[in-house]
Amino acid sequence: MKHVAKKRFGQNFLTDQGVIDSLVDAISPKADDLMVEIGPGLGALTKPLLHKLDMLHVVEVDRDIIDWMQKEYAKKSITIHNSDALKFDFGSLGKNLRVVGNLPYNISTPILFHLLDNVRHITDMHFMLQKEVVERMVAEPSTAAYGRLSVMLQYRLQMEYLFTVPPEAFDPAPKVESAFVRCVPHATLPYVANDETLFAKVVTAAFGQRRKTLRNTLKGLLDDDGFSALNIDSQQRAENLGVAEFVAIANYLSDIN
């Protein structure tokens, strides 16, 4: 199919066969897996997955690609969902869901947060993303890449940076390097926030002004007595705290209110 990549959909099509083989090996699909691919595009990942799976679900927003897929995969065991991934109910597909995809870089973070809302249905996720985003996802505290995304995802997921993919593996080539990441929901949360909405509010406030101290960013939420009770130095910045400390702050606030 001759398809012109559409900027509004963030389309960059993977063409390097060696990279494609590495992705499939990392995903390691089994015939009876319940798997959904986000943004299948021109089938770089879809076709090898169909060789391994009894059935594959795909979520695609581009009507031109859907029209092509309906002809290309007419005799294949594939279910095509014409939907924006940000609005798709992944839980509707069932439990023990495996999610894969070369995510559009312009909306990758919102998709990740949307999937967190469906995480109880998900076994694992494998994604191609902008390298910088993957570095932020897996970042350790007190590093430049560590931020809100790191904390919110690490609360729910165990993540592994698998490998880097160069721009020339795509057509059109993006201006940045990409990376492949594995995300597995924690079977049991290492730290449990009593109020996850409050936890998210604390994390967002703390990272709202990265250069300011926690005493400033959490002003109105946590006072000096709170910092003392939690044994947290209020002169630190958000990037210095791990998931455990953010959960402790949220739980302290939920207990006193």
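Details of the structure are given in the entry above.
This text gives an overview of the structure that appears in the document. Computed from a predicted model, the values in this text were never measured in an experiment. (Residues numbered from 1 in each chain as written. Predicted model: local features only at pLDDT ≥ 70, side-chain atom pairs only at ≥ 80, totals over all residues. Heavy atoms only, no water.)

## Description of the sheet that holds strand 4 (residues 78-82)
Consideration 1: The strand order across the open sheet built from seven strands is 4-3-2-5-6-9-7, with neighbouring strands paired in mixed fashion. Each of the sheet's edge strands pairs with one partner strand only, and the pair in question is strand 4 and strand 7 (157-165). Recorded for the sheet is a direction-independent mean angle of 20° between the axes of neighbouring strands.
Consideration 2: Inspection of the sheet shows strand 7 paired to strand 9 (residues 178-185) by eight bridges, in the antiparallel sense. In the sheet register, Thr 164 faces strand 9, and the bridge partner there is Ala 179.
Consideration 3: The sheet strands contacting helix 3 (residues 63-72) are strand 3 (56-60) and strand 4, and the helix crosses strand 4 at an angle near 160°. (Pairing = 2+ DSSP bridges. Helix = DSSP H or I, 4+ residues; strand = E, 2+ residues; numbered from the N terminus. Axes fitted to C-alpha atoms, helices over the stretch in contact; angles between N-to-C directions. Contact = heavy atoms within 4.5 Å.)

## A few points about the packing of aromatic side chains
For any pair of aromatic rings, the description consists of the separation of the ring centres together with the inter-plane angle of the planes.
Consideration 1: Scanning the model with the defined rule gives six aromatic pairs in all.
Consideration 2: Measuring from centroid to centroid gives 5.0 Å for Phe 88 and Phe 90, while their planes differ by 85°, and the two rings are edge-to-face. Phe 90 carries the same exposure label as Phe 88, and that label is buried.
Consideration 3: One aromatic cluster is present, built from ring pairs that chain together Tyr 146, Phe 207 and Phe 246. (Phe/Tyr/Trp six-rings, centres within 6.5 Å; stacked < 30°, edge-to-face > 60°. Buried < 20%, exposed > 50% of the residue type's maximum accessible area, 1.4 Å probe, protein only.)

## Focus: the pairing of strand 6 (residues 122-130)
Consideration 1: Buried residues dominate strand 6, accounting for eight of its nine residues.
Consideration 2: Bridge analysis of strand 5 (residues 97-102) against strand 6 gives six bridges, and the strand direction is parallel. Bridge pairing in strand 6 links Leu 97 to Ile 122.
Consideration 3: Crossover connection from strand 5 via helix 4 (residues 108-116) to parallel strand 6: handedness right-handed.
Consideration 4: Relative to strand 9, strand 6 is paired through six bridges, and the arrangement is antiparallel. Bridge assignment links Met 128 to a residue of strand 9, and that residue is Phe 180. (Right-handed = clockwise from strand over helix to strand, strands pointing away.)

## Let's talk about helix 7 (residues 196-206)
Consideration 1: Within helix 7 the residues assigned to the buried category are Leu 198, Phe 199, Val 202, Val 203 and Ala 206. One side of helix 7 holds all its buried residues, which, seen down the axis, span an arc of 135°.
Consideration 2: Turning to helix 7, the residues buried within the fold contact helix 6 (148-156), helix 8 (214-217) and helix 10 (243-256).
Consideration 3: At the N-terminal boundary of helix 7, the capping side chain belongs to Asp 195, with an oxygen 3.1 Å from the backbone nitrogen of Thr 197. (Arc of directions from axis to C-beta. Polar contact = N/O pair within 3.5 Å; in protein donor to acceptor, adjacent residues only side chain to side chain.)

## Concerning unusual backbone geometry
Consideration 1: Here the amide bond leading from Asp 171 into Pro 172 is cis, since omega sits at -5°, within 30 degrees of zero.
Consideration 2: Its location among the elements puts Pro 172 in the loop between strand 8 (170-171) and strand 9.
Consideration 3: One non-glycine residue with positive phi stands out, namely Asn 96, at about 55°.
Consideration 4: The exposed category is assigned to Asn 96, whose relative accessible area is 56%.
Consideration 5: A positive phi is found at Ser 142, a non-glycine position, where the angle reads about 65°.
Consideration 6: Tracing the backbone through its elements, the reader meets Ser 142 in the loop between helix 5 (131-138) and helix 6.
Consideration 7: A relative accessible area of 47% means that Ser 142 is categorised as partly exposed.

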